[in-house]
Protein chains: 2
Amino acid sequence: MGRKGEETRGRLLGATQDLIESGGYFGAGVNQVLEASGAPRGSLYFHFPGGKDQLVGESVRRAGHEIGRMVRELAETVPDTAGLVAGVLALLGDRLEASGWRKGCPVATVALEMAAVSDPLQEVCSEVYGSWEETLRDRLAADGHPEPADTAATLLALVEGALLLAKAHRSREPLDRVARRVAVLLQGARR
Amino acid sequence: MGRKGEETRGRLLGATQDLIESGGYFGAGVNQVLEASGAPRGSLYFHFPGGKDQLVGESVRRAGHEIGRMVRELAETVPDTAGLVAGVLALLGDRLEASGWRKGCPVATVALEMAAVSDPLQEVCSEVYGSWEETLRDRLAADGHPEPADTAATLLALVEGALLLAKAHRSREPLDRVARRVAVLLQGARR
């Protein structure tokens, strides 16, 4: 693919990701993606012969990689797992607030709307969540926490739930409350 | 309103709730609601002059009350807050699995899709989450937990996140993992 093709592909994925984060799968209509990206209709089916589901699946995967990279980078600067979780909550909270409470988790809305009815989209969501959980588990294990697999699933649920509640309340309070408790909870569980 | 009117209203709300739980706000088209409920089109606008948004708002509130009642009933049969959370996870997990991974939290999908763009729907979602959190906070306070408000927000985030992950993975594993950790986390935080 030439540079122009790559660039068009990237613009289509970026526009889809943006629309998905605001309104989920059903909020990202093909016409809206075309309008937001400025790409011609033919290019969408050229780059994504599977149509909307392929476009949405690749956008979710791309957003998942971006957040995964952000978490791994953050992991190198914090002293422990509690610091990592608090840092992730702060970063995602900044992003959510700056977007007018639109941009929470780029996977969650598609997962809730589509996981029961689309095998390919369910697989992408499951894969992205699995990769984030793995990053948390590795850090917990490195920090010497007991039951790192169960605790990683618990921390990921905590972050996802806090982001959902922050969006529902249009407020950072749920993120701040969870951030205040997570160090105590993790410390307690080690004893 | 006569008994027939009440019955039609209930059928419209029930059909909407069912469709929302499977596919969210956008998964509950007015035509699908009419088809599933068997109610005539005129009755929808008679009972819900505000149209779809009123119908969805009242359905979310009704589902919120149902789950709230279920949690308060469960609270009377469990020895402590950790038992309550584990019991809620088990009940909601049964419901999710029995529905073919369709029925997670009846509020979450609408909250993620609509909270940023609809003031009335954001208010309903925020109110329902607030009432659930209050039930958890009261129980935590009665059990003598420190920081009951922050801990209640944390536990609600945990339940919501675990349900989301269970739907994404089409598996009870996230619910089971969280249930296994929650007692240790809460116990640790008390010391």
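The residue numbering used here restarts from 1 in each chain and proceeds along that chain's sequence as written. Here chains are named by letter from A upward and ligands by number from 1 upward, in the order in which they appear as written. Reporting of local features is limited, given that this is a predicted model, to residues whose pLDDT is at least 70; pairs of side-chain atoms are given and counted only at 80 or more, and all residues count toward the totals for whole chains, interfaces and linings.

Looking at the overall build of chain A
Line of reasoning, step 1. Strands here mean DSSP runs of E at least two residues long; helices mean DSSP runs of H or I at least four residues long; both are numbered from the N terminus. Counting its secondary structure elements, chain A contains nine helices and zero strands.
Line of reasoning, step 2. If you list the helices and strands of chain A from N to C, you get α-α-α-α-α-α-α-α-α.
Line of reasoning, step 3. Taking 16 Å as the expected radius of gyration for a compact globule of 191 residues, we find that chain A reaches 18 Å, a close match to that expectation.
Line of reasoning, step 4. Seen through its principal axes, chain A has C-alpha atoms that stretch 60 × 30 × 30 Å.
Line of reasoning, step 5. Note on contacts: residues are paired as contacts if their backbone-placed C-beta atoms lie within 7 Å. In chain A, 64% of the contacts between residues at least 6 apart in sequence involve partners at least 24 apart. Radius of gyration here uses only the C-alpha atoms, and the compact-globule reference equals 2.2 Å multiplied by the residue count raised to the power 0.38.

Some points on the environment of A:Glu123
Residue and element names in this part refer to chain A.
Line of reasoning, step 1. One can find Glu123 in helix 7 (residues 119–142).
Line of reasoning, step 2. Residue burial here comes from a neighbour count, namely the number of other C-beta atoms, placed from the backbone, that lie within 10 Å of the residue's own C-beta, with 20 or more meaning buried, 12 or fewer meaning exposed, and in between meaning partly exposed. The exposure class of Glu123 is partly exposed, given the 15 C-beta atoms found within 10 Å.
Line of reasoning, step 3. In the structure, Glu123 is positioned 113 residues away from Gly10 in sequence and 22 Å away in space, judged by C-alpha atoms.

Some points on the nonpolar core
Considering soluble globular proteins, one finds that nonpolar side chains tend to be buried as a cluster.
Line of reasoning, step 1. Any set of buried Ala, Val, Leu, Ile, Met, Phe, Trp, Tyr and Cys residues joined through C-beta atoms within 7 Å is what this text calls a nonpolar core. Residues A:Cys125 and B:Cys125 are the most contacted members of the largest nonpolar core, which totals 125 residues.
Line of reasoning, step 2. Those residues within four positions of A:Cys125 in sequence are excluded, and the remaining contacts are A:Val60, A:Val107, A:Val110, A:Ala111, A:Ala115 and B:Ala168.

Quick notes on the relation of the copies chain A and chain B
Line of reasoning, step 1. Copies are brought into register by a least-squares superposition over C-alpha atoms of residues with pLDDT of at least 70 in both. The transformation that overlays chain A on chain B combines an axial shift of 0.0 Å with a rotation of 180°, and the residual RMSD is 0.0 Å. Taken together, these values place the two copies in the relation of a two-fold axis.

Observations regarding the interface of chain A and chain B
Line of reasoning, step 1. In this assembly, 49 residues from chain A lie in contact with 49 residues from chain B.
Line of reasoning, step 2. At the level of secondary structure, the elements contributing two or more residues to the side of chain A that touches chain B comprise helix 1 (3–27), helix 6 (108–114), helix 7, helix 8 (148–169) and helix 9 (173–190) of chain A.
Line of reasoning, step 3. The element contributing the most residues to the side of chain A that touches chain B is helix 8 of chain A, with 16 residues.
Line of reasoning, step 4. Looking at the side of chain A that touches chain B residue by residue, the class counts come to 23 nonpolar, 15 polar and eleven charged. Ten residues, namely Ala, Val, Leu, Ile, Met, Phe, Trp, Tyr, Cys and Pro, are considered nonpolar, four, namely Asp, Glu, Lys and Arg, are considered charged, and the remaining ones, Gly among them, are considered polar.

Quick word on the confidence of the model for chain A
Line of reasoning, step 1. Per-residue confidence from the predictor is given as pLDDT, running between 0 and 100. Residues of chain A with pLDDT of at least 70 account for 97%, and the chain-wide mean is 93.
Line of reasoning, step 2. Scoring the predicted complex yields pTM 0.95 and, for the interface, ipTM 0.95.

As for helix 8 of chain A
Residue pairs spaced three or four apart in an α-helix point in one direction, given the helix's 3.6 residues per turn.
Line of reasoning, step 1. Helix span, as expected, comes to 1.5 Å for every residue beyond the first. Look at helix 8 of chain A: 31 Å from first C-alpha to last across 22 residues, which is about the 32 Å you get at 1.5 Å a residue.
Line of reasoning, step 2. A:Arg170 sits one or two residues past helix 8 of chain A and shows a positive phi near 45°.

Some words on the packing of helix 5 (residues 81–98) of chain B against helix 8 (residues 148–169) of chain B
Residue and element names in this part refer to chain B.
Line of reasoning, step 1. For helices, the axis comes from a line fit to the C-alpha atoms of the stretch in contact; other axes are also lines fit to C-alpha atoms, and the angle between any two N-to-C directions lies between 0 and 180 degrees. Two elements in contact, helix 5 and helix 8, have axes separated by 11 Å at closest approach and are oriented at 25°. One finds that helix 5 runs roughly parallel with respect to helix 8. The handedness of the crossing between helix 5 and helix 8 comes out as right-handed. Residues Val85, Val88, Leu89, Leu92, Gly93 and Leu96 of helix 5 form the contact with helix 8, whose participating residues are Leu155, Val159, Ala162, Leu163, Ala166 and Lys167.
Line of reasoning, step 2. Grouping the constituent residues of the contact of helix 5 with helix 8 by class yields ten nonpolar, one polar and one charged. What sets the label is the angle itself: under 35 degrees gives roughly parallel, over 145 gives roughly antiparallel, 65 to 115 gives roughly perpendicular, and the rest give oblique. By convention the crossing between two helices is left-handed if the near helix lies anticlockwise of the far one by an angle smaller than a right angle, and right-handed if it lies clockwise.

Some details on the environment of B:His145
Line of reasoning, step 1. Mapped onto the elements of the fold, B:His145 is located in the loop between helix 7 (119–142) and helix 8.
Line of reasoning, step 2. Each C-alpha atom, one on B:His145 and one on B:Leu186, is 8.4 Å from the other, the two residues being 41 residues apart in sequence.

Examining the packing of helix 1 of chain A against helix 2 (residues 30–37) of chain A
All names here are of chain A.
Line of reasoning, step 1. One way to put it is that helix 1 packs onto helix 2 with a least axis distance of 9 Å and a crossing angle of 120°. Here helix 2 runs oblique to helix 1, going by the angle between their axes. In terms of crossing hand, the pair formed by helix 1 and helix 2 is right-handed. Across from Arg11, Leu12, Ala15, Thr16, Asp18 and Leu19 in helix 1, the residues of helix 2 making contact are Gln32, Val33, Ala36 and Ser37.
Line of reasoning, step 2. A breakdown of the residues in the contact of helix 1 with helix 2 according to their chemical character gives five nonpolar, three polar and two charged.

What to know about the environment of B:Gly50
Residues and elements named next belong to chain B.
Line of reasoning, step 1. Counting through the fold element by element, Gly50 comes out in the loop between helix 3 (41–47) and helix 4 (52–75).
Line of reasoning, step 2. Assessed through the 12 C-beta atoms surrounding it within 10 Å, Gly50 is described here as exposed.
Line of reasoning, step 3. Gly50 sits 51 residues away from Trp101 along the chain, and the two C-alpha atoms are 31 Å apart.

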